[in-house]
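# A look at the structure
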Amino acid sequence: MNTLPITHTCYQRRIAELQAQIQALLQTLCHCTSSSAEVARIDRQMRPLYAALWAMHAEINT
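As a starting point, this report considers the structure included with it. Keep in mind it's a predicted model, so treat the numbers as computed, not measured. (Residues numbered from 1 in each chain as written. Predicted model: local features only at pLDDT ≥ 70, side-chain atom pairs only at ≥ 80, totals over all residues. Heavy atoms only, no water.)

With that settled, the discussion passes to the overall build of the protein chain. On a plain count of helices and strands, the protein chain comes out with 2 helices and 0 strands. The buried share of the protein chain, taken over its 62 residues, is 15%. (Helix = DSSP H or I, 4+ residues; strand = E, 2+ residues; numbered from the N terminus. Buried < 20%, exposed > 50% of the residue type's maximum accessible area, 1.4 Å probe, protein only.)

Here the focus is the pattern of salt bridges. Under the defined criterion, the tally for this structure stands at 3 salt bridges. E38 is the salt-bridge partner of R41, the closest N and O atoms lying 2.5 Å from each other. On the criterion of helical spacing, the pair formed by R41 and E38 is a turn pair, its members being 3 residues apart in helix α2 (residues 36–60). On the accessibility criterion, R41 (32% relative accessible area) is partly exposed. For the salt bridge of D43 with R47, the shortest nitrogen-to-oxygen distance reads 2.8 Å. Residue D43 and its partner R47 are located together in helix α2, separated by 4 residues, close to a single helical turn. Taking relative accessible area as the criterion, R47 reaches 55% and is therefore assigned exposed. (Salt bridge = Lys/Arg side-chain N within 4 Å of Asp/Glu carboxyl O.)

Looking now at the nonpolar core. Listed in full, the 9 residues of the largest apolar core are Y11, L18, I22, L25, I42, M46, L49, L53 and M56. Examining the composition of this core, we find that 5 residues originate from one element, α2, more than from any other. Non-local contacts of L49, meaning those with residues more than four positions away in its chain, are made with L18, Q21, I22 and L25. (Core = buried A, V, L, I, M, F, W, Y, C linked by side-chain atoms within 4.5 Å. Contact = heavy atoms within 4.5 Å.)

Bringing helix α1 (residues 10–31) into the picture now. Taking 1.5 Å per residue, 22 residues should reach 32 Å; α1 reaches 33 Å between its end C-alpha atoms and fits that length. Residues of α1 that are buried make contact with α2. (Expected span 1.5 Å × (residues − 1).)

See the structure below:
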């Protein structure tokens, strides 16, 4: 065996969790009158979520 098999089924739950977290942040943003500081805080929370999604996407598509 030259390479180890890669399974991506473990990502399904993690992707769903990340999507739920992003959706919750977007709901927070839409349902309140957010100050620029609040928008910046939400942006800081979203960045690592998107980064994790893109990392999994890159791994799956290699």
